[in-house]
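# Coordinate inspection notes
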Amino acid sequence: MSDFVVIEKPAREAVESADLAVARHVIRAEICGLESLAAALDEGFEAAVDACAAARGRIVVTGLGKSGHIARKIAATLASTGTPAQFVHPVEASHGDLGMIGSEDAILALSNSGETTEFADIVAYSRRCNIPLIAITGGKRSTLAVAADIVLLLPAAAEACPMGLAPTTSTTMMAALGDALALALLERKGFSSSDFHRFHPGGRLGRRLLRVRDIMHQEDEVPLVSPSAPMSEAILIMTTKSFGCVGVCGTDGRLVGVITDGDLRRHMGDSLLRHAVGVVMNQNPKTIAAAALAADALGAMNRFAITSLFVVDEHGRPVGFLHMHDCLRAGIA
C-alpha cells in the first residue's frame, strides 16, 4: 500500500486559488500604502534632498531588522546613482563603527516605530557632532522623529501580513522612499548614462552602455592609405590588418573614402593593380563617433549591411576602427 497521497485536481485548484488570493491581497495592500505615501509627500522630502545634496561626505544609511535590509538596499542605490553612501549597522556603530561617520556626512535612519533603542548611540553622536539626521519613520512623535532634523513620515497603512505583524507594507514604502530620494538626487546632479556605466561596468547593463571608444581599434591598428597610393599598397594593408577593408585619407587627414573586399571584386581585372586608390574607392564611407554607444554602432552595421565602421572625430579625421566582431566579443549583440 503506497504512503503517497494523491491530491485530486479540484483540491489542488482550490489551494492554488487561495494562494493567488493571498498574493493579490498582499500586492493590493502594498499598492494602497504606496499611494498614501505619494499623496503624503511634502516639503520635508525636498528638505531631505537638499540635506543629502549638501553633504560633502557620504550618506550613512542605518536601520535594524527588516528596516536594516531596506537600508542596505537604499545605500546601494544611492551609491550606484552618483551619491556616495554606505550602510552602518546601529549596533556595530555602538562598538566602534561610529568612526565610519564623518562630520561632512548625513545620516538617513530607518525605523517604522521610531523607537528602536539600538539607535540611541548613533542619534546621540549625530547631535553631538552636528551631523544632519534624516528619519524615515511611521512614528510622528517617536524618539527618532523628535531627535531628527528632517522627518520623512510614513503614512498609517496596514501591513499586508494577516496578523499585522510582519513588516511588509511599511518596508515597501521605505524602499520606495529611498528610490525616490536617490533618483531626485540623480536628476539634481545631472547624472548621465555614461556616469551610470562607470559604476556598472559588468553584466548586461554594462555591455549596453559601452561606448565605441571602449572597444575600437586605435593608432597603428587602423587600416589607412592615401588616395594616390597604388592599389597594390591598399591590398597589402587590407591583408596585413585583416579587417577586409582600408580607409582612404586626404592630405588634410579627413576620411574621404573606403575600399572593401566587395570593391575589389567589382573592379577585378588585369588593370586593378595599376589603378590608384582614389579610382577604386567608395567615396561614401560609413562612420561613427567615438562617444556613440557600441550598440548604436552595431545597429548601423546591420542597417547598412556592412561589417565595420571607421571612427572619426568632429573634423572627419579617423581616430579608430570598429568591426562587428569587436561588438560580438564585447557581448553587445
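Anything mentioned here points back to the structure above.
Summary of the structure given here. (Residues numbered from 1 in each chain as written. Predicted model: local features only at pLDDT ≥ 70, side-chain atom pairs only at ≥ 80, totals over all residues. Heavy atoms only, no water.)

### Section: the pairing of strand 3 (residues 106-111)
Here strand 3 lies mainly inside the structure; six of its six residues are buried. Alternating positions in strand 3 separate into two faces, A106, L108 and L110 on one and I107, A109 and S111 on the other, with burial throughout. Bridge analysis of strand 1 (residues 59-63) against strand 3 gives five bridges, and the strand direction is parallel. Across the sheet, residue V60 finds its bridge partner in strand 3, namely I107. With five bridges connecting them, strand 3 and strand 4 (residues 133-137) associate as parallel partners. Bridged to A109 within strand 4 is A135. As a crossover connection, the stretch from strand 3 through helix 5 (residues 120-128) into strand 4 is right-handed. (Buried < 20%, exposed > 50% of the residue type's maximum accessible area, 1.4 Å probe, protein only. Helix = DSSP H or I, 4+ residues; strand = E, 2+ residues; numbered from the N terminus. Pairing = 2+ DSSP bridges. Right-handed = clockwise from strand over helix to strand, strands pointing away.)

### Here's the deal with helix 3 (residues 66-80)
Because each turn of an α-helix spans 3.6 residues, side chains separated by three or four positions end up pointing in the same direction. With 15 residues, helix 3 extends 22 Å between its outermost C-alpha atoms, agreeing within 8% with the 21 Å of an ideal straight helix rising 1.5 Å per residue. Every buried residue of helix 3 is listed here: S67, G68, I70, A71, I74, A75, T77, L78 and S80. Directly after helix 3, the chain includes G82, whose backbone phi takes a positive value near 100°. (Expected span 1.5 Å × (residues − 1).)

### Some remarks on the pairing of strand 10 (residues 308-312)
With five of its five residues buried, strand 10 lies for the most part within the structure. Of the two faces of strand 10, the one lined by S308, F310 and V312 and the one lined by L309 and V311 are each fully buried. One ladder, built from three bridges, connects strand 9 (residues 287-289) with strand 10; its direction is parallel. Across the sheet, I288 pairs through a bridge with V311, a residue of strand 10. Of the crossover connections in this fold, the one passing from strand 9 over helix 14 (residues 294-304) to the parallel strand 10 is right-handed. In the sheet, strand 10 pairs with strand 11 (residues 318-323) via five bridges, with the strands oriented antiparallel. If you follow V311 over to strand 11, its bridge partner there is G320.

### Quick word on the nonpolar core
Formed by 31 residues in total, the largest nonpolar core has its most connected members in I59, V61, L108 and L110. Sorting the residues of this core by element identifies helix 2 (43-54), strand 1, helix 3, strand 2 (85-87), strand 3, strand 4, strand 5 (150-153) and helix 7 (169-189) as the ones contributing at least two each. The element best represented in this core is helix 7, accounting for seven residues. Residues within four places of L108 in sequence aside, it is in contact with I59, V60, V61, T62, I74, I134, I136 and L181. Core analysis: the next-biggest nonpolar cluster, separate from the first, contains 19 residues, A292, A294, L309 and A330 among them. (Core = buried A, V, L, I, M, F, W, Y, C linked by side-chain atoms within 4.5 Å. Contact = heavy atoms within 4.5 Å.)

### A closer look at the packing of aromatic side chains
In this description, a pair of aromatic rings is defined by centroid distance and the angle of the planes. The full count for this structure, using the stated rule, is two aromatic pairs. Centroid distance F243 to F321: 4.6 Å. Interplanar angle 35°. Geometry classified as tilted. Here F243 is found in the loop between helix 11 (231-241) and strand 7 (245-249), whereas its partner F321 is found in strand 11, with 78 residues between them in sequence. Take F243 and F321: they sit in the same class, and that class is buried. Consider the rings of F310 and F321, whose centres lie 5.0 Å apart with planes at 70°: the pair is edge-to-face. Linking F310 in strand 10 with F321 in strand 11, this pair joins segments that are 11 residues apart in sequence. Take F310: its relative accessible area is 3%, and that puts it in the buried class. Exposure remark for F321: the relative accessible area of 0% places this residue in the buried category. Members of the aromatic cluster, joined through ring pairs, are F243, F310 and F321. Note that K286 overlies the ring of F304, its terminal NZ or CZ placed 4.9 Å from the centroid. (Phe/Tyr/Trp six-rings, centres within 6.5 Å; stacked < 30°, edge-to-face > 60°. Lys NZ or Arg CZ within 6 Å of the ring centre and 35° of its normal.)

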